[in-house]
Amino acid sequence: MNNPLINPGLGTFFWMLISFGVLAFILGKWGWPMLLKSLKKREQAIADSLNAAEKAREEMKHLVAHNEELLRQAKVERDEMLRNARMTSEKIVEDARLKATEEADRIVENARESINYEKLKAMHDLKNQIATLSIDIAEKLMKAELSNKQNADALIQRELENVHLN
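Residues numbered from 1 in each chain as written. Predicted model: local features only at pLDDT ≥ 70, side-chain atom pairs only at ≥ 80, totals over all residues. Heavy atoms only, no water.

A. Focus on the environment of A144. Summarising the element assignment, A144 is placed in helix 1 (residues 10–146). The class for A144 is exposed, based on a relative accessible area of 51%. For the pair A144 and L70, spaced 74 residues apart in sequence, the C-alpha separation works out to 108 Å. (Helix = DSSP H or I, 4+ residues; strand = E, 2+ residues; numbered from the N terminus. Buried < 20%, exposed > 50% of the residue type's maximum accessible area, 1.4 Å probe, protein only.)

Here is the structure:
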């Protein structure tokens, strides 16, 4: 068991120590500063990202509050528009109702006038027919009464007595 890797000799140990020292010196002089520098950059980038995320979060909170305000204003405007539309529609309905009432009143009045006119016309026609019938009946009666000379003289005498002269 005399393996040089497990039990190194004094020369090998010396050269390993010198190689390790040179390597530690080179890494200490150029490697570690670059490694630390890149770690610092990465740390700074992470910190900047966190700050940016925080700013974005704050901006989002501001935007949400602004959006809620805009939404509230939009609801108020919508309610105002709906109220105006409702008032306008009620006014239009009321105007239409008034016009319809006026038109109905005008139609009723025209119908009344027409009915009165037709009634007067019918009454006039009826009077004319009654007068015509009365004349026809009177004529027939007169012919019957006056066919006899004695009856005719008596009728003329009676009528002359009933007439009053002014």
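Now that the structure has been shown, we can carry on.
B. Structural view of the pattern of salt bridges. In the structure shown here, the tally under the stated rule is 8 salt bridges. The partner of E80 in a salt bridge is R83, with the nearest N and O atoms 2.0 Å apart. One end of the pair, E80, and the other, R83, are both in helix 1, 3 residues apart, so they sit about a helical turn from each other. Taking the relative accessible area as the measure of exposure, R83 reaches 40% and is therefore partly exposed. In this structure, the salt-bridge partner of R97 is E94, at a minimum N-O distance of 2.3 Å. Within this pair, R97 and its partner E94 are both found in helix 1, separated by 3 residues, close to a single helical turn. For R97, a relative accessible area of 43% gives the class partly exposed. Overall, the relative accessible area of 33% leaves E94 in the partly exposed class. (Salt bridge = Lys/Arg side-chain N within 4 Å of Asp/Glu carboxyl O.)

C. Just the packing of aromatic side chains, in detail. By the definition in use, this model includes 1 aromatic pair. With a centroid separation of 5.4 Å and an interplanar angle of 70 degrees, the aromatic rings of F14 and W15 are classed as edge-to-face. When its relative accessible area of 45% is taken as the criterion, F14 is described as partly exposed. When its relative accessible area of 56% is taken as the criterion, W15 is described as exposed. (Phe/Tyr/Trp six-rings, centres within 6.5 Å; stacked < 30°, edge-to-face > 60°.)

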